[in-house]
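One-letter residues, chain by chain:
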Amino acid sequence: MKALVYEGPRKVTVKEMPDAKIERPNDVLVKITTTNICGSDLHMYEGRTNMESGRILGHENLGVVTEIGKGVERIKVGDRVCLPFNIGCGFCKNCERGLTGFCLTANPGVAGAAYGFAGMGPYSGGQAEYLRVPFGDFNCLVLPPDSEEKENDYVMLSDIFPTGYHATELAGVLPGESVVIYGAGPVGLMAALSAQIRGASKIMVVDTHPDRLKLAEKIGAIAVDDTDGNSAERILEMTGGEGADRGCECVGYQCTCKGHEVPNATMNNLIKAVRPTGGIGVVGVFVAEDPKAEDELAKKGQVALDFGQLWMKGQKIATGQANVKAYNRRLRDLIAAGKAKPSQIISHELPLEQAADGYKHFDERAEGWTKVVLKPAA
Ligand code: NAD
Ligand code: ZN
């Protein structure tokens, strides 16, 4: 099969790879029809993780079931399914509680497994013609009859829509509250959409890219350009000096300030811009070590946090991978009902063959490259 292979920093190639196949009785084999490039792929693409060369990337996957293992009961050949980026077993202590981003058995020794992802187990990604889905009955989200027509909406259920929602859940957004979101990438934009769904009264999205901020405005948020680095002060002004009720971090450890990576920039801005006793949800990825960081602390996975401020303000911080399965069913039904349209942020739809080009432009945050979806079957 054709697949996109990571070959080293900023080098990905579409080439022939061994076909994905059923390996265990509870596996499902999916022919991929849409697979996205994610901001998480960029950490790997840039060589800022311990991703091994030779592996297939891609964790935002949707397709048609072409084969099922002997032990699969619920999923049938021909089902159109969207796969959460996290692989859960369904029966461990965490999966049982809905915390499928922290499955304890799919990637023994680490809490959490995913397709084509550094440190998340040996599973191949879906930027390919076929994908092996472990624990198929548990992991496949079956899509409704309009799944072809709304394919570009439903594919966002694999990651960024539930992840944006998770950011608002971790922050504790309630109807009528104000929310500040750092990052207007795909995840931040989905957090803005989710804050709308949850009934926020005021949504402020911070970034430096005008094209991305425009999309935030389209979703109904107030755009805050942080080119001058004064966004936290502006959020305070916009909230009567008090601060936003809730904050979402949708950038991660490679966040920048005036063109340089400053790993504590977004977190300390959030501590400043959120009100006393407010909540901060952090879905932007932070890593346990980052040997290629410029910053000495960041090399060891540490962040110089304004902890005294946080403590004085009595704020809460919650973090981690999104438990996609905790939300994807309900968000699917919002799409089906025409009440959410996450595909609105897609900028490029490319055949798999052009994936390397997609990576290059998305990685450069080139103007107009917001979200790339790949079509292996095209
Ligand atoms: P992206 O890189 O396209 O978007 C990040 C945005 O943040 C960019 O638009 C950038 O301009 C902006 N930014 C950089 N520094 C900033 C700063 N100091 N203040 C405000 N904005 C700043 O990526 P994405 O796809 O939107 O993903 C965002 C993060 O979420 C990544 O770290 C990704 O790995 C992570 N992620 C986490 C999960 C999860 O389950 N927790 C799932 C998907 C993605
Ligand atoms: Zn992703």
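Residues numbered from 1 in each chain as written. Chains lettered and ligands numbered in written order. Predicted model: local features only at pLDDT ≥ 70, side-chain atom pairs only at ≥ 80, totals over all residues. Heavy atoms only, no water.

Per an unreviewed UniProt entry, the chain goes by the name Threonine dehydrogenase and belongs to Paraburkholderia fungorum. What UniProt records for the chain under Cofactor (unreviewed entry) is the sentence "Zn(2+)". Database annotation for the chain, UniProt heading Sequence similarities (unreviewed entry): "Belongs to the zinc-containing alcohol dehydrogenase family." (UniProt positions renumbered as here; feature names shortened; annotations may be inferred.)

*Asks:* Help me understand the UniProt feature "domain: Enoyl reductase (ER)" (unreviewed entry) in the chain in this model?
*Replies:* Feature annotation in UniProt places "domain: Enoyl reductase (ER)" (unreviewed entry) on residues 8-374, given in this structure's numbering. Between the end C-alpha atoms of residues 8-374 there is a gap of 21 Å, over a span that is 27% helix and 23% strand. (Helix = DSSP H or I, 4+ residues; strand = E, 2+ residues; numbered from the N terminus.)

*Asks:* I tried to follow the side chain of T33 on my own but got confused; where do I start?
*Replies:* By the element assignment, T33 lies in strand β3 (residues 28-37). A residue is classified by how much of its surface remains accessible, and T33, at 15% relative accessible area, is buried. A distance of 2.6 Å separates a polar atom in the side chain of T33 from a polar atom in the side chain of E151. For T33, the contacting residues outside a window of four places in its chain are L62, G63, V64, R80, E151, L374, K375 and P376. (Buried < 20%, exposed > 50% of the residue type's maximum accessible area, 1.4 Å probe, protein only. Polar contact = N/O pair within 3.5 Å; in protein donor to acceptor, adjacent residues only side chain to side chain. Contact = heavy atoms within 4.5 Å.)

*Asks:* I'm lost on the packing of helix α5 (residues 160-171) against helix α6 (residues 186-197) in this one. Help?
*Replies:* Helix-helix packing is characterised by the crossing angle of the two axes and by the distance between the axes. Interaxial distance between α5 and α6 falls to 7 Å at its minimum, and their mutual angle equals 60 degrees. Between α5 and α6, the interaxial angle falls into the category oblique. The two elements α5 and α6 meet at a crossing, and its hand is right-handed. Of the residues in α6, those in contact with I160, F161, T163, G164, Y165, A167 and T168 of α5 are P186, V187, M190, A191, L193, S194, A195 and I197. A per-class count over the contact of α5 with α6 returns eleven nonpolar, four polar and no charged. (Axes fitted to C-alpha atoms, helices over the stretch in contact; angles between N-to-C directions. Parallel < 35°, antiparallel > 145°, perpendicular 65-115°, else oblique. Left-handed = near helix turned anticlockwise from the far one by under 90°. Nonpolar A, V, L, I, M, F, W, Y, C, P; charged D, E, K, R; others polar.)

*Asks:* Help me out: how do you make sense of the pattern of salt bridges in this one?
*Replies:* Any two side chains of opposite charge can pair if their charged atoms end up close together. Scanning all chains against the criterion turns up 24 salt bridges. One salt bridge in this structure joins R132 and D27, with 2.6 Å as the shortest N-O distance. Here D27 lies in the loop between β2 (11-16) and β3 and R132 lies in strand β7 (residues 130-133), a separation of 105 residues in the sequence. For the residue pair R132 and D27, the accessibility class agrees, reading buried in each case. D245 serves as the salt-bridge partner of R275, at 2.6 Å between the closest nitrogen and oxygen. With R275 in strand β15 (residues 274-282) and D245 in strand β12 (residues 244-249), this residue pair connects regions lying 30 residues apart in the sequence. What makes D245 buried here is its relative accessible area of 15%. (Salt bridge = Lys/Arg side-chain N within 4 Å of Asp/Glu carboxyl O.)

*Asks:* Sorry, what's going on with the sheet that holds strand β1 (residues 2-8) here?
*Replies:* Two orientations exist for strands paired in a sheet by backbone hydrogen bonds: parallel and antiparallel. Strand order across the open sheet formed by three strands is β2-β1-β4, with antiparallel pairing between neighbours. Strands with a single pairing partner mark the edges of an open sheet, and in this sheet they are β2 and β4 (55-56). Pairing of β1 with β2 involves six bridges; the strand directions are antiparallel. Directly across from G8, in β2, lies its bridge partner K11. (Pairing = 2+ DSSP bridges.)

*Asks:* Sorry, what's going on with the packing of aromatic side chains here?
*Replies:* A ring pair, where both rings are aromatic, is described by two values, the distance of the centres and the angle of the planes. For the structure shown, the criterion picks out four aromatic pairs. With a centroid separation of 6.4 Å and an interplanar angle of 25 degrees, the aromatic rings of F85 and F117 are classed as stacked. Of this pair, F85 sits in the loop between β6 (80-83) and α2 (93-96) while F117 is found in the loop between α2 and β7, placing the two residues 32 residues apart along the sequence. Since its relative accessible area comes to 2%, F85 is described here as buried. (Phe/Tyr/Trp six-rings, centres within 6.5 Å; stacked < 30°, edge-to-face > 60°.)

*Asks:* Looking at this model, I keep getting lost on the site of ligand 1. Mind explaining?
*Replies:* Around ligand 1, the structure places 30 residues, and the nearest of them are S40, D207, T256, A322 and R365. The separation between an oxygen atom of ligand 1 and a polar side-chain atom of H43 is 2.9 Å. Here a nitrogen atom of ligand 1 sits 2.9 Å away from a polar atom, N or O, in the main chain of V283. Against a free-state accessible area of 860 Å², the protein chains account for coverage of 96% of ligand 1. For the shell around ligand 1, the element with the most residues is helix α1 (residues 39-45), which contributes three residues. By residue class, the composition of the shell around ligand 1 is 13 nonpolar, 13 polar and four charged. (Near = heavy atom within 4 Å. Areas by Shrake-Rupley, 256 points an atom, 1.4 Å probe, with all protein chains shown as cover.)

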